[in-house]
Amino acid sequence: MSLISVRHLWKEYDDKVVLEDINLEIEERAFVALVGPSGCGKTTFLKMLLSEEIPTRGIIELDGKPIPKEPGPDRGVVYQRYSVFPHLTVLGNVLLAKDLGARGPGTRLLGRVFGAARRAATEKARELLAAVGLAHAADKYPSQLSGGMQQRLALAQALMAEPRVLLLDEPFGALDPGIRADIHVLMRKLWHERALTAVMVTHDLPEAFGLATRVIAFERRRDEPSDGGRYGARIAKDIGIWPPRVAGAPKAV
Amino acid sequence: MRLVNRLPAPGWARVLALLPFVAVLVLYLIASAMRLADNPADKLLPSFATIGDAIVRMAFTVDIRTGTIPLWSDTIASLGRLFAGLGIATLIGAVLGIAIGVLPYLRALLGQFVAVVSMVPPLAILPILFITMGLGEASKIALIAIGIAPLLIRDIALRVTDMPPQQFVKAQTLGASSWTLVLRVVLPQILPRLIDSVRLQIGPAWLFLISAEAIASESGLGYRIFLVRRYLAMDVILPYVAWITLLAFVMEIALVALQRRAFPWFAAARTAQ
Ligand SMILES: Nc1ncnc2c1ncn2[C@@H]1O[C@H](COP(=O)(O)OP(=O)(O)OP(=O)(O)O)[C@@H](O)[C@H]1O
Ligand SMILES: [Mg+2]
């Protein structure tokens, strides 16, 4: 059974159709890259996977059950901007996933883990920071980091919550080419090493084909001004990368 | 070079900053000397010596009738009211402002109401406060709180809704409840902005305080100024005004310093957005 299952999904704003009749099955451990012209509804689709927007019609299932009505720790997100919190240090940003996510009455009341749980969380956060190459910057604030470092932090923070699905909306779109290449290496490594299923929106085709197991292109069948928004985008292409990339087997690429 | 590109050297900038103050003092000295030369009994622009005498009398001499030093007892009375009023308003502004900012239901319920209430001129309801709460401390503190709280509520609510919506979604994907979202994400980012808002309300707070003291009080800086007005005692009024200005200015500096020390991330984050 697939991890994410999207069936007959429509999204309309007022009388403008953005997405029409999207059908998609995403396997566990897949890395799906979502491409398409600007304004075709990629972000809208991601927002629906995140429960930030509600579909006009259709069903999205996660693990065979309809997705919850609001965002939750089962689905993590990395945006192009505003992913990390400016008032927390690098370490504080990563710890926040445990501070907010851990159960227990004290934590629910104060939004903070204490004692042994905090020490364990700190250790795990430092491991993650080391994995994304930010071990030396643990005590800095995000405004003291470069754009690439901020996105590495955003990845670490999202992964700390151990989401089933990681959603990324043009996460590396604002980075310089050299820094982007570095972070691609990191992204590939994280996907191989962790139990990750990823859906990433990107404008960069080499990035899509370089990282993903599957590239999906949204496109409107017709996009004339005279159509008045009657046609939404559909899945125009659904390309499996060949030879297949297998999660956890970097040599297989 | 264009005027917009000409920068004063750092030392020169400091001199320039002092210049208007010196100019006002010099102008005062000249005008005062001219009037006193005309009429030595003139009370409107007293000489520095007369003002000095008044300062010694008000700030360093125990008043035999009350057994206190007037300037200090006035200052303590006024600051007590001011801090109480500002404190209550800040608390209400933070709690209600954040609640209205994050909870759509509360925004629907109270948004318009607070907007209307903030249009009520506070001084117009001062008589109502005197009637309902008496002429004591409560009505003066209430005037300051009522005069400032609605503006703070609106300002804070606006700043909360101005936060990037991604942060709210992001916190939820990390497991936040409504409460922990407020506690760990909204509140810490709003506090330094609250300090900014309160800074801008120091002036109005003094305005409400002095108005209330002028109308009904037996102590306080405003009370004193309006009391000695009857004798045209400019030698007392002028140092009192300068003292009030200094107090307000020190409060401003203290808040800026607090913001910088308590929220070291804020200055950079503000320019980054
Ligand atoms: N809240 C909204 N209300 C009305 N229309 C909206 C809303 N959000 C998005 N749209 C419209 O939906 C369409 C798809 O927007 P979306 O942001 O999903 O595009 P996108 O594929 O992510 O584009 P880009 O590549 O530029 O990021 C656009 O035409 C946009 O104007
Ligand atoms: Mg987009």
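Since the structure is predicted, the reported quantities are computational estimates derived from the model, not experimental observations.

Parameters and conventions
- Residues numbered from 1 in each chain as written.
- Chains lettered and ligands numbered in written order.
- Predicted model: local features only at pLDDT ≥ 70, side-chain atom pairs only at ≥ 80, totals over all residues.
- Heavy atoms only, no water.
- Helix = DSSP H or I, 4+ residues; strand = E, 2+ residues; numbered from the N terminus.
- Buried < 20%, exposed > 50% of the residue type's maximum accessible area, 1.4 Å probe, protein only.
- Contact = heavy atoms within 4.5 Å.
- Areas by Shrake-Rupley, 256 points an atom, 1.4 Å probe, with all protein chains shown as cover.
- UniProt positions renumbered as here; feature names shortened; annotations may be inferred.
- Expected span 1.5 Å × (residues − 1).
- Phe/Tyr/Trp six-rings, centres within 6.5 Å; stacked < 30°, edge-to-face > 60°.
- Axes fitted to C-alpha atoms, helices over the stretch in contact; angles between N-to-C directions.
- Parallel < 35°, antiparallel > 145°, perpendicular 65-115°, else oblique.
- Left-handed = near helix turned anticlockwise from the far one by under 90°.
- Nonpolar A, V, L, I, M, F, W, Y, C, P; charged D, E, K, R; others polar.
- Core = buried A, V, L, I, M, F, W, Y, C linked by side-chain atoms within 4.5 Å.
- Near = heavy atom within 4 Å.
- Polar contact = N/O pair within 3.5 Å; in protein donor to acceptor, adjacent residues only side chain to side chain.
- Domains from an automatic or database assignment.
- Buried area = accessible area lost by both parts, 1.4 Å probe.
- Salt bridge = Lys/Arg side-chain N within 4 Å of Asp/Glu carboxyl O.
- Pairing = 2+ DSSP bridges.

Novice: Explain the overall build of chain B to me, and be specific about the residues and the numbers.
Specialist: Along its length, chain B carries eleven helices and zero strands. Moving toward the C terminus, one meets the helices and strands of chain B in the order α-α-α-α-α-α-α-α-α-α-α. Principal-axis analysis of the C-alpha atoms places the extent of chain B at approximately 75 × 65 × 30 Å. Out of the 273 residues in chain B, the part that is buried amounts to 42%. Put simply, of all contacts in chain B between residues at least 6 apart along the chain, 68% involve residues at least 24 apart. In the form shown here, chain B has an accessible surface area of approximately 15,300 Å², with 73% of it arising from carbon and sulfur atoms.

Novice: How would you sum up the UniProt feature "transmembrane region" (unreviewed entry) in chain B? Please name residues and give values.
Specialist: All names here are of chain B. Sequence positions flagged by UniProt for "transmembrane region" (unreviewed entry) are, in local numbering, residues 12-31, 82-106, 113-135, 141-161 and 237-258. The straight-line gap between the two end C-alpha atoms of residues 141-161 is 30 Å; of that span, 100% is helix and 0% is strand. Split by type, residues 237-258 is 100% helix and 0% strand. Its first and last C-alpha atoms lie 31 Å apart.

Novice: Could you give me a rundown of helix H2 (residues 48-59) of chain B, with the residues and numbers involved?
Specialist: For H2 of chain B, built from twelve residues, the straight-helix expectation of 16 Å at 1.5 Å per residue is met to within 8% by its first-to-last C-alpha distance of 16 Å. In this fold, the buried residues of H2 of chain B make contact with helix H1 (10-38), helix H3 (70-102), helix H9 (221-228) and helix H10 (234-262) of chain B.

Novice: Please give an account of the packing of aromatic side chains that cites residues and values.
Specialist: All names here are of chain B. Enumeration over the complete set of coordinates arrives at five aromatic pairs over all chains. Aromatic pair Trp265 and Phe266: ring centres 5.5 Å apart, planes at 90°, arrangement edge-to-face. Residue Trp265 shares its accessibility class with Phe266, and that shared class is buried.

Novice: Tell me about the packing of H3 of chain B against helix H8 (residues 178-215) of chain B, and name the residues and values.
Specialist: For any two helices packed against each other, one specifies the inter-axial angle together with the distance between the axes. All names here are of chain B. For the pair H3 and H8, interaxial distance at closest approach is 8 Å and the crossing angle is 140°. Taken together, the axes of H3 and H8 are oblique relative to one another. Of the two possible hands of crossing, H3 and H8 adopt the one that is right-handed. Across from Ser78, Leu79, Arg81, Leu82, Leu86, Thr90, Ala94, Ile98 and Val102 in H3, the residues of H8 making contact are Val182, Val186, Leu187, Ile190, Leu194, Val198, Ala205, Trp206, Leu209 and Glu213. Across the contact of H3 with H8, the residue classes tally to 15 nonpolar, two polar and two charged.

Novice: I'd like a rundown of the nonpolar core, residues and numbers included.
Specialist: With 111 residues, the main nonpolar core has Leu129, Leu155 and Leu166 of chain A together with Leu82 and Trp206 of chain B as its most contacted residues. Here the element with the most residues in this core is H8 of chain B; it accounts for 15 residues. Here Leu82 of chain B is in contact with Ile144, Ala205, Trp206, Leu209 and Met251 of chain B, once residues within four sequence places are set aside. Residues Leu50, Ile60, Ile67 and Val199 of chain A belong to the second largest nonpolar core, which totals 31 residues.

Novice: Please give an account of the site of ligand 1 that cites residues and values.
Specialist: Residues and elements named next belong to chain A. Taken together, Tyr13, Lys16, Val18, Ser38, Gly39, Cys40, Gly41, Lys42, Thr43, Thr44, Glu170 and His203 form the complete shell of residues around ligand 1. At a separation of 3.5 Å, a nitrogen atom of ligand 1 approaches a polar side-chain atom of Tyr13. The contact in question runs from an oxygen atom of ligand 1 to an N or O atom on the side chain of Lys42, over 2.7 Å. In the complex, 63% of the free accessible area of ligand 1, which totals 640 Å², lies under the protein chains. Here the shell around ligand 1 gets three residues from one element, more than from any other, and that element is helix H1 (residues 42-49). Its residues placed into classes, the shell around ligand 1 shows three nonpolar, six polar and three charged.

Novice: Please provide a residue-by-residue account of the domain arrangement of chain B, values included.
Specialist: Segmenting chain B into domains produces domain 1 (3-38) and domain 2 (68-272). Summarising the inter-unit geometry, the C-alpha centres of domain 1 of chain B and domain 2 of chain B are found 33 Å apart.

Novice: Just give me the short version of the interface of chain A and chain B, but keep the residues and values in it.
Specialist: The interface of chain A with chain B comprises 36 residues on the first partner and 25 residues on the second. In terms of surface lost to chain B, no three residues of chain A exceed Tyr82, His87 and Leu100 of chain A, which account for 26% of the buried area on that side. Taken together, the links from chain A to chain B amount to one salt bridge. Here Arg184 of chain B ties to Asp99 of chain A by a salt bridge, and the two come within 2.9 Å at their closest N and O atoms. The interface formed by chain A and chain B contains seven residue pairs in polar contact (both at pLDDT 80 or more). Taken together, the elements giving at least two residues each to the side of chain A that touches chain B come down to strand E6 (75-78), helix H2 (90-101), helix H3 (105-110) and helix H5 (147-160) of chain A.

Novice: Requested: an account of the UniProt feature "domain: ABC transporter" (unreviewed entry) in chain A, with residues and values cited.
Specialist: Here the UniProt feature "domain: ABC transporter" (unreviewed entry) sits at residues 4-245 of chain A. In residues 4-245 of chain A, helix accounts for 33% and strand for 26%; the two terminal C-alpha atoms are 19 Å from one another.

Novice: Give a description of the pairing of strand E3 (residues 31-35) of chain A that names residues and reports values.
Specialist: Residue and element names in this part refer to chain A. Most of E3 sits inside the fold, with five of its five residues counted as buried. Every second residue of E3 is oriented toward a common face, with Phe31, Ala33 and Val35 on one face and Val32 and Leu34 on the other, all of them buried. Sheet analysis places E3 next to strand E8 (residues 197-201), joined by four bridges and oriented parallel. Looking across to E8, one finds that Phe31 is bridged to Ala198. Direction of pairing for E3 relative to strand E9 (residues 214-220): parallel, over a ladder of four bridges. Considered in E9, the bridge of Leu34 is made with Ile216.

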